[in-house]
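Per-entry structural report
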Amino acid sequence: MNDNKPKDNSRRSFIRNASIAAAGITIVPRHVLGKGYVAPSDKLNIGAIGAGGKGQSDIAMFFKSGNANIVALCDVDDRSSAKTRADFPKATYYKDFREMLDKEKGNIDAVSVSIPDHCHAVAALMAMQMGKHVYVQKPMTHDIYEARILTEAARKYKVVTQMGNQGSSGDGVRQMQDWYNAGLIGDAHTIRCWTNRPVWPQGTGYPTTKDQIPPELDWNLWLGPTAFHEYHDGFVPFSWRGYWDFGTGALGDMGCHIIDPPFKVVGLGYPSEVECSVADIYEKMWTPSYHPESCPAASSIKIKFPGKNGKPDVKLTWMDGNIRPERPDELGPDEEMGNADGGAIIEGTKGKMMCGCYGANPTLLPTSRTKEVGNVPKTVDRVSGGQEGHYAQWVNACIAGYGKGYTSSNFDYAGPLTETVLFANLALRSWNVKDSKGRFPGRKKLLWNADEMKITNFDEANQFVRRQYRDGYSFKI
């Protein structure tokens, strides 16, 4: 095969050639089957890793596109996957994604990964190495190193990719891009982002007791590549997000949704420095709790991006725990700032713009300016179906083949975005690094060499760039 030619991983060529060779089989032209009919052989065959929770809704949206077959399902918990298995009874069901990929590699074209953060990268890379297109829920990975490797793997294995930050396909972020490209706020220099997350328990350490493992759950497979932990009811199905071994906290949950609009609008890349402050929880007088294994209850983070092509440096502030930045002077006292889940404000040399989570309700500031400006030239194509079209966009790009379609959050884009989110998490984790004298040397500005993926002024922070994996799981490109 010519390595410079995109691979066709849709199985259409195989099925077409096999049909020609088989005696007595006739290929029926699509127009004979009826207008709008898509032959099963022209659809994308998907194997889904994660069939409950967000996986359930992702699978439903792929199928809703009309161009996908759900061929195989994988989930470690029979309870959460029950509805999806009932909806797709012909799909073969597995509990171990490694077994599913091995046995179904000849039947599937693409893989959806909608499982806890700590398992994203190992599952996605295994699929990509088999030449399968991948859709991976946000954040793309658990660690910075994993994000960089998956970005490189997408190019090496020539597969179509998409991260599950569906707002990246919405009209809101595209409207903001048009405003920015029209020069309405000048050159961006300050970005403020915030969220109401976490909305689950966080910052209080691991449970001190263990519970009985439900018979429907394979706990060992749920743990996947991470270190062994005793089962606790509080981990599943959602609160695992608050523990560093499994999740990526408020940033991992919402950063790829809320930071995405300014990241895309301004054209940000890899950051160069970060500093943070973290809320303390006091369990007794004058003694803050110390739980380095847990994501914080609330935090404030400042990230710097070097300016490009003579443009100013950009400083991005992130706040979580429902802590918000100061309201812009241009926003009326009774006007909504962002929305219930959070929002983002971009400040430039000539003005400001704002949106809610997912890029919802974009507006110039003051809000009256939005109507005054009116329509500006559309410089960015809209995605059919907007935010919901994020799923069909990936399905159709996979069918077209590598290099022939476009996705809003392909890994060339989603990789640096995810690394930015995880870079902020590295600062949060460094905040709790304690030396032998009980001091916290990581509570300072951390300087980042993006090419080498290394903090240059606090070596202890580099332990959070890349983790180790349990036996039975590997992560090698």
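Residues numbered from 1 in each chain as written. Predicted model: local features only at pLDDT ≥ 70, side-chain atom pairs only at ≥ 80, totals over all residues. Heavy atoms only, no water.

Turning our eyes to something else, we now look at the overall build of the protein chain. The helix and strand tally for the protein chain stands at 14 helices and 17 strands. For the protein chain, whose C-alpha radius of gyration is 23 Å, the value lies close to the compact-globule estimate of 23 Å for 477 residues. With the C-alpha coordinates aligned to their principal axes, the bounding extent of the protein chain is approximately 80 × 60 × 40 Å. Taken over 477 residues, the protein chain has a buried fraction of 56%. Taking the intrachain contacts of the protein chain between residues at least 6 apart in sequence as the baseline, contacts between residues at least 24 apart amount to 72%. As displayed, the protein chain offers around 21100 Å² of accessible surface, 50% of which is attributable to carbon and sulfur atoms. (Helix = DSSP H or I, 4+ residues; strand = E, 2+ residues; numbered from the N terminus. Rg over C-alpha atoms; globule rule 2.2 N^0.38 Å. Buried < 20%, exposed > 50% of the residue type's maximum accessible area, 1.4 Å probe, protein only. Contact = heavy atoms within 4.5 Å. Areas by Shrake-Rupley, 256 points an atom, 1.4 Å probe, with all protein chains shown as cover.)

We now examine the sheet that holds strand β3 (residues 92-94). An order of β3-β2-β1-β4-β5-β6 is seen for the 6 strands of this open sheet, with the pairing classed as parallel. Edge positions in the sheet fall to β3 and β6 (161-163), since each has one partner strand and no second. Averaged over all neighbouring strand pairs, the angle between strand axes comes to 20°, with direction disregarded. In this structure, strand β1 (residues 44-49) lies alongside strand β2 (residues 68-74), joined through 6 bridges in parallel fashion. Paired with G47 across the bridge in β2 is A72. Seen against the sheet, helix α6 (residues 120-129) touches β1, β4 (110-113), β5 (133-136) and β6 and runs at an angle of roughly 165° to β5. (Pairing = 2+ DSSP bridges. Axes fitted to C-alpha atoms, helices over the stretch in contact; angles between N-to-C directions.)

Attention shifts here to the side chain of T190. Along the chain, T190 falls in strand β7 (residues 188-195). In this structure T190 comes out as buried when scored by relative accessible area, which is 18%. Polar contacts involving the side chain of T190 include one to the side chain of H189, which spans 2.8 Å. When sequence neighbours within four positions are dropped, the list of residues in contact with T190 reads K315, I345, I346 and E347. (Polar contact = N/O pair within 3.5 Å; in protein donor to acceptor, adjacent residues only side chain to side chain.)

Moving on to the sheet that holds strand β8 (residues 273-278). Adjacent strands of a sheet form backbone hydrogen bonds with each other and so pair up, either parallel or antiparallel. Read across the sheet, 9 strands follow the order β15-β14-β13-β7-β12-β11-β8-β16-β17 without closing on themselves; strand pairing throughout is mixed. Two strands bound the open sheet, and with one partner strand each, they are β15 (363-365) and β17 (454-455). With 2 bridges connecting them, strand β16 (residues 446-449) and β17 associate as antiparallel partners. Each residue of the ladder has a partner; that of W448, found in β17, is I455. On top of the sheet, helix α8 (residues 171-181) reaches β7, β13 (342-348), β14 (352-356) and β15; it is set at about 175° to β14, its chief contact.

Let us now look at the state of the cysteines. One pass over the full model with this rule turns up 0 disulfides. Just so you know, C256 is unpaired, no disulfide at all, and the nearest cysteine sulfur is the one on C357, 11 Å from it. When its relative accessible area of 1% is taken as the criterion, C357 is described as buried. (Disulfide = S-S within 2.5 Å.)

Looking at where I346 falls in the secondary structure, it is placed in strand β13. For I346, a relative accessible area of 0% translates into the label buried. Between the C-alpha atoms of I346 and H189, which are 157 residues apart in sequence, the distance is 7.9 Å. Discounting chain neighbours no more than four positions away, the residues touching I346 are M176, I185, A188, T190, I191, P262, V265, V266, G351, K352 and M353.

Time to look at the pairing of β2. Within β2, 6 of the 7 residues are buried, which leaves it mostly tucked inside the rest of the structure. Following the backbone out of β1, through helix α3 (residues 54-64) and into the adjacent parallel β2, one traces a crossover that is right-handed. Pairing geometry for β2 and β3, over 3 bridges, is parallel. When the bridges of β3 are listed, L73 appears paired with Y93. Following the chain from β2 across helix α4 (residues 82-87) to the adjacent parallel β3, one finds a crossover that is right-handed. (Right-handed = clockwise from strand over helix to strand, strands pointing away.)

Another point: α6. Here α6 lies mainly inside the structure; 8 of its 10 residues are buried. All of the buried residues along α6 are H120, A121, V122, A123, A124, L125, A127 and M128. G131 sits one or two residues past α6 and shows a positive phi near 80°.

Looking now at the pairing of β14. Burial analysis of β14 places 5 of its 5 residues in the buried class, which makes it a mostly covered element. Of the two faces of β14, the one holding K352, M354 and G356 and the one holding M353 and C355 are both buried throughout. The pairing of β13 with β14 spans 5 bridges and is antiparallel. The residue bridging G343 from the neighbouring strand is G356, located in β14. In this antiparallel pair of consecutive strands, β13 and β14, the connection spans 3 residues. Bridging between β14 and β15 involves 3 bridges; their strand directions are antiparallel. Residue pairing in the sheet places K352 in a bridge with L365 of β15.

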